[in-house]
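# Coordinate analysis (summary)
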Amino acid sequence: MQAKYRKAFVITACLLSLAGLPSAHAEDRIAHLRYLGSAELNWQTQKREEALKDIDKSIEAYSGNAGAYLLRASMRGTMGNHKGVVDDCNRALYLKPDMDAAVQIRAVAYAALGKYKEAIEDLTTLIDKRKNDTKSYLTRADVYGMADDEKMSRKDINKALELEPSNARAKRALVIWHLQFRKFKEALPLTEKYVSENPKSADAHYFLARAHSGNNQIQKAIEDCTQAINLDPKFYRAFTSRGYYKLILKDYKGSIIDSDSSIKLDSKNAVPVQNKALAYFLQNDYLKAADLYKSAAGLYDKKERKVRSRLLAAFSLKLAGKATESKTEMALTKKEAEKTNLGTLLLFMEGGTTADKVLAVAPKLEYQCTAKTMMALELLRLKKTKEAHDYFNWVIANGDGDEDETYISKAFLDRKAF
């Protein structure tokens, strides 16, 4: 599940004064100011749609204010319109090229869009101008982390700690770096220290849970999540993780209860839905598992995740004896799998290609694990038990221990008959 988690960037509102730049178009600066003030008031009172309408009208009345574009960029970023953020920041920078805040907000938007190279370029521009800007180093470290660049992320964290050894955000970033890159042995004492410095932080206890889990101390991880939930009863990630850890200990009922709690707190998060599906799958309740895997597929943004969940739904239906429904789900999966490395896997399921060809076009480990798990399930259906065993054993030996494929492989190997 480490692979399922990734830090989310938050664009904070940045209210700037009027730039007073000239406009070549018809303008009404009085209306501009009136709408701008109304936009800020509506935003502060959580009337977000009204605020956006007002800022649009403000810019329409006078398009020469760089600060207005930056304000709209901040609003759009908070509401998840990261492409709009980039457009507004570009306009602000056209009007006022030295506006560092626009560069910084654009970098965050680029990162949210997965354009890590562009985000890093923007942040490097800021760092070149402000050599001792700890915040920019830490933001760039976050982006390097999102891009899975372990070395460069750590280098920026180290620089931030060199500039400000007691900086709380830098200490937090160091803990997260160890957890993200699975340095669990080193992470444990570091995270314990972080908790001692922040005993009332739900995040700190949640990080400690991940460190304990990485060191196979699952019961302690459950206790850490419980402490995090006590500190913040709305901490949905702690419910998600605790449910997952209970699943590891085969407390399926407790796992489902925690997953349900997480879903109630954040209905758009696919992870607890998929964890709940796995809990039912491991109890041989394939129909419930299939429904939940389909629901998870609808929640994931990443296409590969959608495909994996749909494949699991299709196989759950097949195991439940619902051949027609399984074919329907497989057809949907095939559509989702277009232009992904998992597309050839679907051909294998239809008898249209060989296992070697599937693995040849799925070189990454995560794809190999998905492909071999799905092929093993298909081989079981074809009564080719030995070949299926070989694939399951490979997944257990090489895969991410926190992913569904590993648990499914273990579950089938533990069974006496297939």
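Below, the structure is looked at part by part. Every value quoted in this text rests on a predicted model; they were computed, and no experiment measured them.

### Digging into the overall build of the chain
When you go through the chain residue by residue, the secondary structure sums to 23 helices and zero strands. Considering the chain as a whole, with its 418 residues, one finds that 52% of them fall into the buried category. Restricting to contacts in the chain with at least 6 residues of sequence separation, those with at least 24 account for 55%. Accessible surface for the chain amounts to roughly 20100 Å². Of this, 51% is attributable to carbon and sulfur atoms.

### Some points on the environment of Leu179
Tracing the chain through its elements places Leu179 in helix H9 (residues 168-180). The class of Leu179 is buried, set by a relative accessible area of 1%. A sequence separation of 29 residues divides Leu179 from Leu208, and the C-alpha atoms of the two residues are 9.5 Å apart.

### Notes on helix H11 (residues 202-214)
Along its 13 residues, H11 runs 19 Å from first to last C-alpha, staying within 8% of the 18 Å computed at 1.5 Å per residue. In terms of burial, H11 is a largely internal element, twelve of the 13 residues being buried. Listed as buried for H11 are Ala202, Asp203, Ala204, His205, Tyr206, Phe207, Leu208, Ala209, Arg210, Ala211, His212 and Ser213. In this structure, the buried residues of H11 make contact with H9, helix H10 (184-197), helix H12 (218-231) and helix H13 (236-248).

### Description of the side chain of Arg72
Along the polypeptide, Arg72 turns up in helix H3 (residues 66-78). Accessibility expressed as a relative area gives 12% for Arg72, which makes it buried. Within the structure, the side chain of Arg72 is placed 2.8 Å from the side chain of Asp88, a separation counted as a polar contact. The contact partners of Arg72, leaving out residues within four places of it in the chain, are Leu52, Ile55, Asp56, Ile59 and Asp88.

### Here we look at the packing of helix H4 (residues 82-95) against helix H5 (residues 100-112)
Orientation of H4 relative to H5, taken along the N-to-C sense of each, is 155°, at an axis distance of 9 Å. With respect to each other, H4 and H5 are oriented roughly antiparallel. In the crossing of H4 with H5, the sense of the turn from one axis to the other is left-handed. Taken together, the residues of H5 that come into contact with H4 (itself represented by His82, Val85, Val86, Cys89, Asn90, Ala92 and Leu93) are Ala102, Val103, Ile105, Arg106, Ala109, Tyr110 and Ala112.

### Some words on the pattern of salt bridges
Tallied over the full model, the rule gives 22 salt bridges. Put simply, Arg72 and Asp88 hold a salt bridge, and the shortest N to O gap is 2.8 Å. Of this pair, Arg72 sits in helix H3 while Asp88 sits in helix H4; the two residues are 16 residues apart in sequence, bridging distant segments of the chain. Across the pair, Asp88 and Arg72 agree in class, each one buried.

### Some points on the packing of aromatic side chains
Counted by the stated rule, this structure contains six aromatic pairs. An aromatic cluster of three or more residues is present, and its members are Tyr194, Tyr206, Phe207 and Phe235. For the cation-ring pair, Arg29 lies above Tyr62, with the distance from its terminal atom to the ring centre recorded as 4.4 Å. Looking at Arg34, its charged tip hangs above the ring of Tyr35, at a distance of 5.3 Å from the centre.

### Side note on unusual backbone geometry
Unlike most non-glycine residues, Asn216 shows phi in positive territory, near 60°. Among the secondary structure elements, Asn216 is positioned in the loop between H11 and H12. Assessed through its relative accessible area of 68%, Asn216 is described here as exposed. With phi around 65°, Lys250 is a residue other than glycine that occupies positive phi space.

### Topic: the packing of H3 against H4
Two numbers describe a pair of packed helices, the interaxial angle and the distance between the axes. The N-to-C vectors of H3 and H4 enclose an angle of 165°; their axes lie 8 Å apart at closest approach. Taken together, H3 and H4 sit at an angle that is classed as roughly antiparallel. For H3 against H4, the interelement crossing comes out left-handed. Contacts from Ala66, Tyr69, Leu70, Arg72, Ala73, Arg76 and Gly77 in H3 reach His82, Gly84, Val85, Asp88, Cys89, Arg91, Ala92 and Leu95 in H4.

### Here's the deal with the nonpolar core
Counting 53 residues, the largest nonpolar core has Tyr245, Tyr293, Met375, Ile408 and Phe412 as its most contacted members. In terms of residue count, the dominant contributor to this core is helix H15 (residues 270-282) (nine residues). Apart from residues no more than four positions distant in its own chain, Tyr245 is found in contact with Ala209, Arg210, Ser213, Ile218, Ala221, Ile222 and Cys225. Of all hydrophobic cores here, the second largest spans 35 residues; its members include Leu70, Met75, Val86 and Met99.

### Some remarks on helix H23 (residues 404-413)
Burial analysis of H23 places eight of its ten residues in the buried class, which makes it a mostly covered element. For H23, the set of buried residues is Asp404, Glu405, Thr406, Tyr407, Ile408, Ser409, Ala411 and Phe412.

Reading the values: rules and limits
- Residues numbered from 1 in each chain as written.
- Predicted model: local features only at pLDDT ≥ 70, side-chain atom pairs only at ≥ 80, totals over all residues.
- Heavy atoms only, no water.
- Helix = DSSP H or I, 4+ residues; strand = E, 2+ residues; numbered from the N terminus.
- Buried < 20%, exposed > 50% of the residue type's maximum accessible area, 1.4 Å probe, protein only.
- Contact = heavy atoms within 4.5 Å.
- Areas by Shrake-Rupley, 256 points an atom, 1.4 Å probe, with all protein chains shown as cover.
- Expected span 1.5 Å × (residues − 1).
- Polar contact = N/O pair within 3.5 Å; in protein donor to acceptor, adjacent residues only side chain to side chain.
- Axes fitted to C-alpha atoms, helices over the stretch in contact; angles between N-to-C directions.
- Parallel < 35°, antiparallel > 145°, perpendicular 65-115°, else oblique.
- Left-handed = near helix turned anticlockwise from the far one by under 90°.
- Salt bridge = Lys/Arg side-chain N within 4 Å of Asp/Glu carboxyl O.
- Phe/Tyr/Trp six-rings, centres within 6.5 Å; stacked < 30°, edge-to-face > 60°.
- Lys NZ or Arg CZ within 6 Å of the ring centre and 35° of its normal.
- Core = buried A, V, L, I, M, F, W, Y, C linked by side-chain atoms within 4.5 Å.

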